[in-house]
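Working through the structure, step by step
One-letter residues, chain by chain:
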Amino acid sequence: MPVVVVESPAKAKTINKYLGPGYTVLASYGHVRDLPPKDGSVDPDHDFAMKWEVGYDSRKHIKAIADALKTDNALILATDPDREGEAISWHLEEALRKRKAIKKDTPVSRVVFNAITKSAVTEAMANPREVDAPLVEAYLARRALDYLVGFNLSPVLWRKLPGAKSAGRVQSVCLRLIVEREMEIEAFTPREYWSARATLTTPRGQEYEARLTQLAGKKLDKFDLENATQAEMAVQAISARALTVASVEAKPGSRNPSAPFMTSTLQQEASRKFGMGARQCMSTAQRLYEAGLITYMRTDGIDMAPEAVMAARDAIQDRFGDKYVPKSPRMYKNKAKNAQEAHECIRPTDMTSDAAALKIKDADQRKLYDLIWKRTLACQMASARLERTTVDIASDDGQITLRATGQVVLFDGFMKVYEEGRDDNGDDDDSRLPQITQGEPAKFAKGALESQFRKADDKTRDEVIETPQGKPGEMRRHDSAVLSADAATLALQHFTQPPPRYTEATLVKRMEELGIGRPSTYASIVTTIQDREYVRKDKNRLIPEDKGRIVTIFLLNFFRKYVGYEFTANLEEELDKVSAGNADYKTVLAQFWRDFSAAIAETSELRISEVLTVLDKALEHSLYPPREDGTDPRICPLCGEGQLHLKSSRSGGFVGCGNYPECRYTRPIGGENAENGDRVLGEDQGDEISLRSGRFGSYVQRGERTDEVPKPPRASLPKGWQAEDMTLEKALTLLSLPRFIGTHPEGGNVHTNLGRYGPYVMHTTVDETGKESNLYANIPDVEEVFTIGMNRAVEVLAEKRAKGPGRGRTAAKPLHELGEHPEHGGPVNVMDGRYGPYVKWDKINATIPKETKPEDVTMAIAVELITERAAKTGKGRKKAPAKKKPAAKKTAAKKPAQKDP
């Protein structure tokens, strides 16, 4: 009875259904060996020898496989069909041979299947092969490179840039993309321009809108109307003329469906449509694959198996009819640079089953399966047929031309099922035009644009204003709009926009365009730079932290080659050649190490002060932009004497005054106007109240440090309070804490305050001996610190006192109960902890990543977090009590040789 090994218990359970009782199916629980994080794990001086170590948690899984092989002398490695899967199979075989669990007569074979279905598994078992050596060598090369870069470059960062956590071969290049985009945004200078349009009516009274395209007989370019004066002239020129429909042109058009999903496009679309991060998307897709519902989810390929194409066409015909099935199947060709990554596209294993039919319980899995199913069917459906209409309306003298465009869907085709999301709003006009005939008059629709004029006005002001009505024949205008007297012609102000910050979707797309990373690494790279706190995610946009900026600028100045886009892409191509068997991986490693080790050696003697001087110079234009008053941007705005310099701390880089400690002015490297930058909020009782930024975040301070007041009063901004929203009133409220509520009915004083663990109520009592004691009770809302009354305070304190003496705490209530662990049993809950939300199962507490909301955590995400945490801590369910050992034989006094794990 052969032993079949796969990565996960879920996959093992699905495969076991198809193989039946003639096989023993076990799980390896992912990678079983890795390079230990210590010096010498990869030895460049000895032909890049690599020392592997079996993970603590993996030892029991290796033992279980070895025990099974004692009675079943055949091993079938059925791990995933990509480079990582091949590596796991290789590691398993190596580890088992080291244990001597694989005998000379033990047949070892490798099988791969792109989908976990009965037909795919049966076919794979009928066509075994050996482990793919070139694919394993490509893995070894990547793992060695990642180790050599991380283990040698990260210590350089630790020594030269306190607070920096790590650098990586691809991670640092990805971070560079985000930092450079932010610098583009900061350097961007908006340019003003105006557009003009009119609302017109047909002789039948139907309204339509047209934009100005020609003025004074010349084609109007984007920046031809540069200011309000020119916009007024344009509005006057339009409204003063009679207009006629000069031409009506209707052109047939079509729209073709998008190709089926590969890894990167699935991540992009899941981000656009559901706001899913790359990691969440891949974790959800993994569960669908292991359940046998979709094909393998890490692929660069967009081709579809012929039988799947025919199944899709049949499903389309059954659901939508013959007219939605194109005459011939649609064929999509792979564009992947690496054939080893180009498996079949990501598609459902059963085209006839939609999400409703499968009754998928998990919300994320249901949404993602529905997305994959619709995209797959749509890619084999007929094109949508459209009619695009362009209408030109002109004045008799040829001075003015306006254009109206519209689109009508004649046949929806694939759009009946699916339309791809967009990363921008676009400027396509999909509106439908009324019936318009060439030569007919186009009259102005009086009053039609009044509301748009007022809406544009409100956008530019915080207060509600009255728009001037004007006299008959007069135009009206405000800061951002000009309206004709009849309110039928409107000019609006616009400004060019900086490039948008990356989302996870657009970042993956850009990485793919540059050839950086591969399908199996996109999610982990994007997650790593957030976990390292180099980048934060706000409203789904990736924003570099100061720490991330400093690391990037350091690498660009001292290791520029190794964060170069072209260099990284070329190295990926070399590794692709290794996986194809066209290059020797040790040669690739030797070429890389020769130059990289020299670059590391050159920086070893650098002092932190020298590094900061170089970075200060490199960042000069963004750190010290010109001031509006023309003063020297390097002069400290607080003391007016010291020079500003770039400094470093464990929390990242910042700009500080050179007169420290006499002047303690600091601000983030984002600039004086950064959202949490220092500023004076006002004065109170002769003291200056200021907002400042420190190592642990923003805070407010009363006055300055002097010999008489070495520690001026200060208060940190509580959770949820934003630096940009701070006012003098709010600052004084914080500085007034603790707040006295009154005397407790049973005696003693009651105060509120903000502490290390959040807002609380404190009851202070004094006993007969004069000894003071305090009872603290947490309150959920920061605002209650400033508003809570005595009745509510007494109630909160009574609840705390009812829990009993000491610091004991009652069991916390879960935020979200996910149910029983699918593999090991026991409740899995989402909890709210002192340091943030976490997942709890058995003895394992796994922190929920910052980019994931607690309410979005599914069982699939929770299990992944628990597994990762268990691997790090070695915790989990206790083993069953060991059986009583038999009496030792006399020869047992001799200590046995220790076996390899």
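Source: prediction; values computed, not measured.

Brief notes about the pairing of strand β10 (residues 207-215)
- Both strand β9 (residues 192-201) and β10 contribute to a ladder of five bridges, which runs antiparallel. Looking across to β10, one finds that T201 is bridged to E207.
- Hairpin connection, β9 to β10: the antiparallel pair is bridged by five residues, and G205 has positive phi, about 90 degrees.
- Note that β10 and strand β14 (residues 400-411) share four bridges and pair antiparallel. Bridge pairing links R211 to R403 in β14.
- In textbook terms, the turn of a hairpin is the stretch between consecutive antiparallel strands, and for β10 and strand β11 (residues 218-219) this stretch comprises two residues, one of which, A216, has a positive phi near 60 degrees.

A short note on the pattern of salt bridges
- Inspection of every chain in the model, using the stated rule, returns 51 salt bridges.
- Taking the shortest distance from any N to any O, the salt bridge between K367 and D364 comes out at 3.9 Å. Here D364 and K367 lie together in helix α12 (residues 363-378), a separation of three residues that amounts to about one turn.
- A relative accessible area of 34% places K367 in the partly exposed class.
- Between R792 and E795 there is a salt bridge; the shortest N-O distance is 3.9 Å.

Side note on the sheet that holds strand β29 (residues 749-755)
- Here four strands make up an open sheet; going across it, the order is β28-β29-β30-β31 and the pairing antiparallel. Of all strands in the sheet, those bounded by a partner on one side alone are β28 (739-743) and β31 (772-778). Each neighbouring strand pair of the sheet contributes to a mean axis angle of 25 degrees, computed without reference to strand direction.
- Relative to β31, strand β30 (residues 758-766) is paired through seven bridges, and the arrangement is antiparallel. Each residue of the ladder has a partner; that of M762, found in β31, is Y776.

Focus: the side chain of T117
- Tracing the sequence through the fold places T117 in the loop between β8 (108-110) and α4 (118-126).
- With near-sequence residues (within four places) excluded, T117 lies in contact with Y18, G292 and T349.

Points about α4
- Along α4, the positions that sit buried rather than exposed are A120, V121, A124 and M125. Considered in projection along α4, the buried side chains sweep an arc of 130 degrees and stay on one side of the axis. More than 90 degrees from the buried face of α4, the exposed residues found are S119, E123 and A126.
- Against the buried residues of α4 lie β1 (3-6), α1 (9-19) and β7 (75-77).

The rules we used
Residues numbered from 1 in each chain as written. Predicted model: local features only at pLDDT ≥ 70, side-chain atom pairs only at ≥ 80, totals over all residues. Heavy atoms only, no water. Pairing = 2+ DSSP bridges. Helix = DSSP H or I, 4+ residues; strand = E, 2+ residues; numbered from the N terminus. Salt bridge = Lys/Arg side-chain N within 4 Å of Asp/Glu carboxyl O. Buried < 20%, exposed > 50% of the residue type's maximum accessible area, 1.4 Å probe, protein only. Axes fitted to C-alpha atoms, helices over the stretch in contact; angles between N-to-C directions. Contact = heavy atoms within 4.5 Å. Arc of directions from axis to C-beta.

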